[in-house]
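Residue-level structure breakdown
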Amino acid sequence: MNRKTLIALLIAAMAVVLFPLYESYQGSEALSEVGQYYADNGVEDTGAQNLVTSVVVTYRGLDTLGEVTILFLAASIISFFLSFSKEERIENRQVRSITEILTTSAQILVPMIYMFGVYIFVNGHLTPGGGFQGGAVIASGTLLMFLSNPNFKLNHKIIHFVESTSGLVFVLIGVVGAMMMDGGFLSNKIAGYGFGQVGSILSAGAIPVIYTFLGLKVGTELSNVLGIYVESQNEK
Amino acid sequence: MLTVLAAILGIASMVGAYFAVHSKKLTVAIIATGIVSMVASILFLLLAAPDVAMTEASIGSALTTAIFFFTLNKIRQTNE
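Per chain, residues are indexed from 1 in the order of the written sequence. To label them, take the chains in the order written and letter them from A, then take the ligands in the order written and number them from 1. Local features in this predicted model are restricted to residues of pLDDT 70 or higher, and side-chain atom pairs are both shown and tallied only at a pLDDT of 80 or more, whereas totals for entire chains, interfaces and linings draw on every residue.

Describing the overall build of chain B
Helices and strands together make up the secondary structure of chain B, namely three helices and zero strands. A run of DSSP states H or I qualifies as a helix once it reaches four residues; a run of E qualifies as a strand once it reaches two. Both are numbered from the N-terminal end. Moving toward the C terminus, one meets the helices and strands of chain B in the order α-α-α. Based on the C-alpha atoms only, the size of chain B along its principal axes is roughly 50 × 25 × 10 Å. Counting only contacts in chain B whose residues sit at least 6 apart along the sequence, the fraction spanning at least 24 positions is 39%. Remark: residues whose backbone-derived C-beta atoms lie within 7 Å of one another are considered to be in contact.

This is the structure we're talking about:
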């Protein structure tokens, strides 16, 4: 029996094993108990119009902190393994010439992409998306900068400052919520203006504040990872 | 209508996945993985998950593809 028949048999066996799952699946008519609680009390508890945000930042805020930590660890490990000494650098690496179309469109598009990223995380409590999505959009704007200009370099001091400060502020908001207010770690009640009118930009307590710093952190972190990869191209 | 569109997108993602695995040229394979992510993000949008679609579009098809290309370029430099 050759290898290809073995693979085909394996796929067929998987199909046989997984088919009952598909057969017996039926969509649930009602929300689960937890989902029902979020749907009923989410707006009242957190003041956020976007229920996904209220779950991610408030009800499951500790998980989000864990995610941020994992992303930070991944970025640190990448910069640890791809760091290199200055002597081994190739100056003025030869790159393929960049077309007029790319440079011109990048000049127009990059500010718009950055603004869209900021829009996503500032409006995280009102519209779909939030800190992670906004940060990823900002990083794709940085990618366009790198592609359109081979000599573009990130200012690592500013990047590291923004990244570590926003991470620290995120944790501090959580600690202040736990110490001063009754809500516990990452409570939503510490922003001075309270919950506000549901649906307006200044509402939902601490969620917009946390998401703004989260967006800055994720955006600078992913941009920094891209910057490290681009710089590693100049290494001998 | 939604089912037809989802079926077309599913087939497109399967074609992309086939090229990603079986293509002889690595650049074609990398672009095919990007296409799989792009199609997946459209599917997420159809299934009413715009926030997941945003993450998939920007990380899956933009950043990951770029990082694969940077790595490929680096490997070629080292092999020369």
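Digging into the overall build of chain A
If you tally the helices and strands in chain A, you get eight helices and zero strands. Across chain A, helices and strands are ordered from the amino to the carboxyl terminus as α-α-α-α-α-α-α-α. The exposure scheme places C-beta atoms from the backbone and then counts, for each residue, the other C-beta atoms within 10 Å of its own, assigning buried at 20 or more, exposed at 12 or fewer, and partly exposed in between. Every one of the 236 residues in chain A was classed for burial, and the buried ones make up 31%. Within chain A, counting contacts between residues at least 6 apart in sequence, those at least 24 apart form 70% of the total.

Considering the interface of chain B and chain A
With 13 residues of chain B at the contact, the number on the chain A side is 17 residues. The class makeup of the residues in the side of chain B that touches chain A is eight nonpolar, three polar and two charged. Residues are grouped as follows: nonpolar covers Ala, Val, Leu, Ile, Met, Phe, Trp, Tyr, Cys and Pro; charged covers Asp, Glu, Lys and Arg; every other residue, Gly included, is treated as polar.

Let's talk about the nonpolar core
By definition, a nonpolar core groups buried Ala, Val, Leu, Ile, Met, Phe, Trp, Tyr and Cys residues that are joined through C-beta atoms within 7 Å. In terms of nonpolar packing, the biggest core is built from 34 residues, with I210, L214 and L226 of chain A together with L63 of chain B touching the most fellow members. Of all elements in the fold, only α3 (51–59), α5 (100–122), α6 (131–148), α7 (156–180) and α8 (207–232) of chain A together with α3 (50–79) of chain B reach the threshold of two or more residues within this core. When residues of this core are assigned to their parent elements, the largest contribution, 13 residues, is made by α8 of chain A. Residue contacts for I210 of chain A: discarding those within four places in its chain leaves V57, F170 and I173 of chain A. The next biggest cluster of nonpolar side chains, apart from the first, holds seven residues, and it includes M38, V39, M54 and A57 of chain B.

A word on the packing of helix α2 (residues 33–46) of chain A against α3 of chain A
Packed helices, taken two at a time, are described by their axes: the angle between them and the distance between them. Residue and element names in this part refer to chain A. For helices, the axis comes from a line fit to the C-alpha atoms of the stretch in contact; other axes are also lines fit to C-alpha atoms, and the angle between any two N-to-C directions lies between 0 and 180 degrees. Where α2 contacts α3, the axes come no closer than 10 Å and their chain directions differ by 70°. With respect to each other, α2 and α3 are oriented roughly perpendicular. For the crossing formed where α2 meets α3, the hand is left-handed. On α3, the residues touching Y38, A39, G42 and T46 of α2 are L51, S54, V55, T58 and Y59. For the contact of α2 with α3, a count of residues per class yields five nonpolar, four polar and no charged. Throughout this description, any angle smaller than 35 degrees is read as roughly parallel, any larger than 145 degrees as roughly antiparallel, any in the 65 to 115 degree range as roughly perpendicular, and the remainder as oblique. Take the far helix as the reference: if the near one is turned anticlockwise from it by less than a right angle, the crossing is left-handed, and if turned clockwise, right-handed.

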